[in-house]
2 protein chains.
Amino acid sequence: MPPGARARARAETSRAILDEARRQLAREGAAALSLRSVAREVGMVSSAVYRYVASRDELLTRLIVEAYDAIGEAAEGARDDGAGPRAQWRAVWRAVRAWAHEHPAEYGLIYGTPVPGYAAPTETIPAAGRVGVVLAGIVVAHGDPGAVGGWPSVVRDDVLPELARPVVVPAVVAWTQLFGTVGFELFGQYENVVTDRDAYFDAVADAAATSVGLPAGR
Amino acid sequence: MPPGARARARAETSRAILDEARRQLAREGAAALSLRSVAREVGMVSSAVYRYVASRDELLTRLIVEAYDAIGEAAEGARDDGAGPRAQWRAVWRAVRAWAHEHPAEYGLIYGTPVPGYAAPTETIPAAGRVGVVLAGIVVAHGDPGAVGGWPSVVRDDVLPELARPVVVPAVVAWTQLFGTVGFELFGQYENVVTDRDAYFDAVADAAATSVGLPAGR
DNA sequence: TCCTCGTCAAGAGCACTGCTCTCGATCCGT
DNA sequence: ACGGATCGAGAGCAGTGCTCTTGACGAGGA
């Protein structure tokens with residue numbers, strides 16, 4: 001009998017709890033996520049799940065980390081090195097938007113209102129930057145640093161060090177614009193305002209591509 | 001004795017409830033806002049406040065409306081018709097940012113994650129647009145419609161009808177950018193990324209001003 | 001082989017929440 | 001002066017997060 005039998009069982013119920021929690025998050029939203037109800041659904045009593053998660057907050061934190069990873073993975077997978085710079089850029093933007101539409105509650109969890117008194121745990125920090133890194137990768141490969149406007153130097157030197165310094169500020173602006181646009185659409189601010197949201201989004205992506213110095217064309 | 005004595009008393013406790021609710025919202029966040037605890041603080045029993053608000057959701061809705069009004073008012077008050085176009089633009093952007101920093105929880109309430117199953121009540125819709133209207137007012141007064149890039153026509157015709165059609169899409173983009181940037185800063189995404197947030201914000205505002213066709217200079 | 005130790009699920013319980021219902025008291029217009 | 005509407009209080013229900021204790025089970029050491 002493998003010595004890790006008990007450890008594997010533990011990992012399995014741990015997964016079951018996380019999965020059920022994510023299901024409830026998607027179905028009812030973060031506010032309605034109840035530890036007791038995931039316990040019920042998973043076939044345990046509520047006190048038993050406390051052997052696996054320390055608190056409701058910790059459960060949410062795990063979901064946050066998983067969400068950051070998932071959206072980062074979606075972005076990384078969407079980039080196709082064989083395509084033209086702007087096609088790559090657009091593909092990544094679209095992938096982020098598509099992921100957000102498929103997982104609105106998770107998206108809200110990571111890019112929505114943070115809970116006060118809830119310091120973002122350190123384990124979320126690296127995961128949060130993955131989409132930005134993908135975007136930066138396209139810029140360093142195909143961007144023309146001479147083609148960007150003049151921006152003040154207001155970004156830390158150790159952020160995206162692979163990027164030429166004049167490009168890093170517009171890159172941060174573009175990164176902000178991506179999530180700002182997705183969030184506004186997802187949270188309903190474009191209701192009764194923007195008609196063709198696909199075309200609108202692509203147009204914003206294209207303008208952002210120009211602002212970071214990607215060449216015109218494909 | 002004025003005939004409206006009882007009505008005035010009602011209005012007063014109504015105000016007291018709202019005020020206490022806003023205090024708790026600011027202090028503990030929306031998730032921790034409890035009807036029972038505002039009742040306690042206001043000196044009533046919980047069932048009594050149900051004579052004034054139908055539910056916790058309705059309490060939140062009233063706070064949302066008040067927040068939209070407050071941020072709209074801040075934006076309107078910041079515009080100084082005597083100043084130059086870009087100075088007006090910058091002043092409005094800064095006022096929105098300042099209001100958000102002073103009222104982070106309220107900002108999160110209106111521009112953060114919406115509660116699922118919670119349809120934005122109709123009374124919030126007009127209030128939500130006020131900042132956009134202020135921005136549009138500056139553009140119609142001083143913008144050069146010929147100075148904006150080519151954008152697809154993807155915005156409803158009855159939105160910001162005072163704006164020349166080619167300008168309306170970049171105006172929506174700028175509006176998105178304002179709240180996207182404020183939100184990213186407020187929700188901590190710029191932590192360890194942007195150093196001088198004031199300068200960064202002003203630079204974004206200026207770039208947005210250019211994109212909607214405001215003339216260079218003051 | 002037996003026996004102990006650590007792990008786990010279960011149950012009871014506490015303090016809290018939103019919300020409903022009923023019951024007196026009070027106020028207002030007729 | 002009275003009758004109806006209005007209002008506050010209290011009890012109560014179902015649900016929550018979280019803690020503590022109790023009992024069962026399996027794995028490793030004597």
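Above this text you will find the structure in question.
Reference entry: report on the structure contained in this document. As the structure is a prediction and not an experimental result, all values here were calculated from the model. (Residues numbered from 1 in each chain as written. Chains lettered and ligands numbered in written order. Predicted model: local features only at pLDDT ≥ 70, side-chain atom pairs only at ≥ 80, totals over all residues. Heavy atoms only, no water.)

Looking at the relation of the copies chain B and chain A
Right, on to step 1. Mapping chain B onto chain A calls for a screw motion: a turn of 180° about the axis and a shift of 0.0 Å along it, with 0.1 Å RMSD after fitting. On the angle and the small slide along the axis, the relation comes out as a two-fold axis.
Right, on to step 2. Residue by residue, 100% of the interface of chain B is reproduced at the interface of chain A, so both copies engage with the same surface. (Least-squares fit on C-alpha atoms with pLDDT ≥ 70 in both. Contact = heavy atoms within 4.5 Å.)

Some points on the protein's contact with DNA strand D
Right, on to step 1. Close contacts around DNA strand D come from 20 residues, with Leu35, Arg36 and Arg56 of chain A together with Ser47 and Arg51 of chain B the closest.
Right, on to step 2. Counted by atom, the contact set of DNA strand D within 4 Å of the protein is 47% sugar and phosphate.
Right, on to step 3. The backbone of Arg56 of chain A places a nitrogen or oxygen atom 2.8 Å from a phosphate oxygen of DNA strand D.
Right, on to step 4. At 2.7 Å, a side-chain N or O of Ser47 of chain B approaches a base oxygen of DNA strand D.
Right, on to step 5. For the surface near DNA strand D, the secondary structure elements donating two or more residues are helix H2 (35–42) and helix H3 (46–49) of chain A together with helix H3 (46–49) of chain B.
Right, on to step 6. Of the residues that constitute the surface near DNA strand D, the class distribution is eight nonpolar, five polar and seven charged. (Near = heavy atom within 4 Å. Polar contact = N/O pair within 3.5 Å; in protein donor to acceptor, adjacent residues only side chain to side chain. Helix = DSSP H or I, 4+ residues; strand = E, 2+ residues; numbered from the N terminus. Nonpolar A, V, L, I, M, F, W, Y, C, P; charged D, E, K, R; others polar.)

Observations regarding the interface of chain B and chain A
Right, on to step 1. Every contact between the two is made by 39 residues of chain B and, on the other side, 39 residues of chain A.
Right, on to step 2. On the chain B side of the contact with chain A, Val154, Phe184 and Gln189 of chain B bury the most area, a combined 16% of that side's loss.
Right, on to step 3. In this assembly, chain B and chain A are joined by 11 residue pairs in polar contact (both at pLDDT 80 or more).
Right, on to step 4. Elements with a contribution of two residues or more to the side of chain B that touches chain A: helix H6 (104–111), helix H9 (165–186) and helix H10 (197–211) of chain B.
Right, on to step 5. A per-element tally of the side of chain B that touches chain A places H9 of chain B first, with 10 residues.
Right, on to step 6. When the residues that make up the side of chain B that touches chain A are grouped by side-chain class, the tally is 25 nonpolar, 11 polar and three charged. (Buried area = accessible area lost by both parts, 1.4 Å probe.)

Regarding helix H8 (residues 130–142) of chain B
Right, on to step 1. In a regular helix each residue adds 1.5 Å, so 13 residues correspond to 18 Å; H8 of chain B covers 19 Å between its end C-alpha atoms and thus fits that length.
Right, on to step 2. Of all the residues in H8 of chain B, the buried ones are Val131, Gly132, Val134, Leu135, Ala136, Gly137, Ile138 and Val139 of chain B. (Expected span 1.5 Å × (residues − 1). Buried < 20%, exposed > 50% of the residue type's maximum accessible area, 1.4 Å probe, protein only.)

Overview of helix H9 (residues 165–186) of chain A
Residues and elements named next belong to chain A.
Right, on to step 1. Between its first and last C-alpha atoms H9 spans 32 Å; for 22 residues at 1.5 Å apiece the expected length is 32 Å, and the two agree.
Right, on to step 2. Most of H9 sits out of view: 20 of its 22 residues are buried.
Right, on to step 3. Of the residues trailing H9, Gly188 is marked for its positive phi of about 90°.

Read these as layout, nothing more, since geometry by itself doesn't imply function.
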